[in-house]
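Topology and contacts: notes
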Amino acid sequence: MTERAILHVDMDAFFVSVELRDRPDLVGKPVIVGHPSGRSVVLSASYDCRARGIHSAMPMSQAIPLMPEATVIEPSHHKYSEASAQIMAYFHTLTPLVEQVSVDEAFLDVTGSMRMLGGPVQIAQKIREYIRAEMGLTASVGIARNKFVAKLASTYAKPDGLAVIAPERTEEFLHELPVSKMWGVGKRTADQLHALGIETVGQLATEPEARLISRLGEHGRALRLLSRGIDNRPVEVSRDEKSISSEHTFAVDITEPQVLEGELLRLSHRVGQRLRQHGKSANGVGIKIKYKDFSGITRSKALAAATDSSTKISESALALLRKLTPLAQPVRLIGVRAERLQDYELGLQFSLDPREEKAREAERIADQIGQKFPQSIVTPARFLRPKE
């Protein structure tokens, strides 16, 4: 390949695969990672479970009846983070141009690495061999001249495969795919395209641009370019998070304001921890509520000054919730979001209130204890409940 060489590496059933390293007796058997009780959702499923229609984010109450013989393993997020960190560190030994998309996938621009390491296929094989031999896991890799096609190629290669889309075969590969497979095409956009009589990527590529823009705006122009295999986005070494959020789905629908407020406090504490962990501060706070009938509502507010304080985040989140009460329906899910993020140092402002500075220092000390002793639980006293 004389053009850009982009790899998309996607781990196969990552959470399940990590768990099976500790449970070899379950290899080859149906496995679901998720909490078995309440209204939890599937986090990951083995491929035999997927063949029965089980997928990530499916409610466990729907997934388990589809394959009742499956073993359900509760998630161990620290193990997934450790495995992910090892994988990403290895990628950086091959190229400095690594864009981590999630805990189990990344783009690599290996154009500048080919003189030393060989062609993109050789580099992809090297990656797959390392992940299998050193970590006991499998990965699928897509190779193409840009990120859009490489991601589609890795999906095509699953599970445990390698797919190469040469530049001259890009349009041939794309044009038979349904538009719903495209990056950036969700259900709503797919419905709009179907209303225009567009079912395949090839049909999208030949659609007049003006017609797409009239229906989809600038998104229509971008999709038409992608349908023709044109994607000039670089591999971004640094992906700044635009927001950090945390949500909770209740086991039963909630009507009591004090229960909702208590959960908001916990979620705000978690969001604050993640802000401090990433060295970020937030200029805004939002909340999300999903009602019994699955309808939802979001609210947000700007902050007077950027903060990484769990206390400040919870105060704003509670104020937003109280403006919505009385709520229209019982609540099944509630969430907190820190938004408009920036590096902490850029928004650093010292408070004149000594109580606020003491609270922030206490949060930071609790973070340090949690990092040094991962099995310990350090939490604000207001979260503790007396024993009956």
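Computed from a predicted model, the values in this text were never measured in an experiment. (Residues numbered from 1 in each chain as written. Predicted model: local features only at pLDDT ≥ 70, side-chain atom pairs only at ≥ 80, totals over all residues. Heavy atoms only, no water.)

**Structural notes on the sheet that holds strand β4 (residues 71–73)**
Quick reminder of the rule: Any two strands with at least two DSSP bridges between them are considered paired. For helices the rule is a DSSP run of H or I covering at least 4 residues; for strands it is a run of E covering at least 2, with both sets numbered from the N terminus onward. By definition, residues are in contact when any of their heavy atoms lie within 4.5 Å. Every axis in this analysis is a line fitted to C-alpha atoms, fitted for helices over the stretch in contact. Angles between the N-to-C directions lie between 0 and 180 degrees.
Reading across from one edge, β3-β2-β4 is the order of the 3 strands in this open sheet, with mixed pairing throughout. Each having just a single partner strand, β3 (44–45) and β4 make up the two edges of the open sheet. Where strand β2 (residues 31–33) meets β3, 2 bridges bridge the pair, whose relative direction is antiparallel. The partner of Val-33 across the bridge, within β3, is Ser-44. The strands touched by helix α1 (residues 14–22) are β2, β3 and β4; relative to β2, the strand with the most contacts, the crossing angle is about 110°.

**Focus: unusual backbone geometry**
Between Lys-158 and the following residue, Pro-159, the backbone shows a cis peptide bond with an omega angle of -10°. Examined against the element boundaries, Pro-159 turns out to sit in the loop between α7 (147–157) and β8 (162–164). A cis amide bond links Thr-325 with the next residue in sequence, Pro-326, at an omega value of 0°. Mapping Pro-326 onto the fold places it in the loop between α14 (310–324) and β12 (331–343).

**Remarks on the packing of helix α4 (residues 77–94) against helix α6 (residues 120–135)**
Basically, it comes down to this: Crossing chirality is assigned from the near helix's rotation relative to the far helix, an anticlockwise turn below a right angle marking it left-handed and a clockwise turn marking it right-handed. When residue character is reported, Ala, Val, Leu, Ile, Met, Phe, Trp, Tyr, Cys and Pro are called nonpolar, Asp, Glu, Lys and Arg charged, and the others, Gly included, polar.
Taken N-terminus to C-terminus, the directions of α4 and α6 make an angle of 145°; their axes are 11 Å apart at the nearest point. The two elements α4 and α6 meet at a crossing, and its hand is right-handed. On α6, the residues that touch Ala-83, Gln-86, Ile-87, Tyr-90, Phe-91 and Leu-94 of α4 are Ile-123, Lys-126, Ile-127, Tyr-130, Ile-131, Glu-134 and Met-135. Classifying every residue of the contact of α4 with α6 by side-chain character gives 10 nonpolar, 1 polar and 2 charged.

**Structural notes on the UniProt feature "active site" (unreviewed entry) in the chain**
As a reminder, the rule being used: UniProt positions are given in the numbering used here, feature names are shortened, and annotations may be inferred rather than shown by experiment. Note on exposure labels: buried denotes an accessible area under 20% of the residue type's maximum, exposed denotes more than 50%, and partly exposed covers the range between, all computed with a 1.4 Å probe on protein chains only. What qualifies as a polar contact is a pair of N or O atoms within 3.5 Å, subject to a donor-acceptor requirement within protein and to the restriction that residues adjacent in sequence count only when both atoms come from side chains.
Under the feature "active site" (unreviewed entry), the UniProt entry names Glu-105. For Glu-105, a relative accessible area of 13% translates into the label buried. Discounting residues that sit within four places of it in the chain, Glu-105 has contacts with His-8, Val-9, Asp-10, Met-88, Glu-99, Gln-100 and Lys-151. Side-chain polar atoms of Glu-105 contact the side chain of His-8, separated by 2.6 Å.

**As for the sheet that holds β8**
Strand pairing in a sheet is mediated by backbone hydrogen bonds. Such pairs are either parallel or antiparallel. Taken in spatial order, the 5 strands of this open sheet run β5-β6-β1-β7-β8, and their pairing is mixed. Both edges of this open sheet fall to β5 (98–102) and β8, since each of them pairs with a single strand only. Neighbour to neighbour, the strand axes of the sheet diverge by 15° on average, direction disregarded. Strand direction decides the pairing type here: strand β1 (residues 6–11) and strand β7 (residues 139–144), joined by 6 bridges, are antiparallel. When the sheet's bridge partners are listed, His-8 is paired in β7 with Gly-142. Sheet strands touched by α7: β1, β5, β6 (105–109), β7 and β8. Its angle to β7, the strand with the most contacts, is close to 140°.

**Focus: the packing of aromatic side chains**
We describe a pair of aromatic rings using the distance from one ring centre to the other and the angle between the two ring planes. We apply this condition: Note on ring pairs: Phe, Tyr and Trp rings are taken, using the six-membered ring of Trp, and paired if centres are within 6.5 Å. Classes follow the plane angle, with under 30 degrees stacked, over 60 edge-to-face and the rest tilted. When the NZ atom of lysine or the CZ atom of arginine is within 6 Å of a ring's centre and also within 35 degrees of its normal, the charge is said to sit over that ring.
In the structure shown here, the tally under the stated rule is 5 aromatic pairs. Seen in terms of ring centroids, Tyr-156 and Phe-173 are 5.9 Å apart; in terms of plane orientation they differ by 85°. Their pairing is edge-to-face. Note that Tyr-156 is positioned in helix α7 and Phe-173 in helix α8 (residues 170–175), a separation of 17 residues in sequence. Note on Tyr-156: relative accessible area 63%, which makes it exposed. A relative accessible area of 16% means that Phe-173 is categorised as buried. An aromatic cluster of at least three residues, connected via ring pairs, comprises Phe-14, Phe-15 and Tyr-80. Taking NZ or CZ as reference, Arg-50 lies 4.6 Å from the ring centre of Tyr-47, over its face. Its end group placed over the ring of Trp-183, Lys-151 keeps NZ or CZ at 5.9 Å from the ring centre.

**Here's the deal with the side chain of Ser-316**
Among the structural elements, Ser-316 can be located in helix α14. Accessibility expressed as a relative area gives 8% for Ser-316, which makes it buried.

**Some words on the UniProt feature "binding site: Mg(2+)" (unreviewed entry) in the chain**
In the numbering adopted here, UniProt assigns the feature "binding site: Mg(2+)" (unreviewed entry) to Asp-10 and Asp-104. A maximum C-alpha distance of 6.1 Å is found for the annotated residues, which run over 95 residues; spatially they form one tight group. With respect to the secondary-structure elements, Asp-10 resides in strand β1. Take Asp-10: its relative accessible area is 13%, and that puts it in the buried class. Ignoring any residue separated from it by four or fewer positions in sequence, one finds Asp-10 in contact with Asp-104, Glu-105, Ala-139, Ser-140, Ser-154 and Lys-158. Setting aside anything within four residues of it in sequence, one finds Asp-104 in contact with Val-9, Asp-10, Met-11 and Phe-14.

**A short note on the environment of Gly-112**
With respect to the secondary-structure elements, Gly-112 resides in the loop between β6 and α5 (114–117). Between the alpha carbons of Gly-112 and Arg-4 there is a distance of 8.9 Å; along the sequence they are 108 residues apart.

**Quick word on the confidence of the model for the chain**
Under the convention used in this document: Residue-level confidence of the predictor is summarised by pLDDT, bounded by 0 at the bottom and 100 at the top.
Overall, the prediction assigns the chain a mean pLDDT of 88, with 87% of residues at 70 or greater. The secondary structure element of the chain with the lowest average pLDDT is helix α15 (residues 354–372), at 62, and the one with the highest is β1, at 98.

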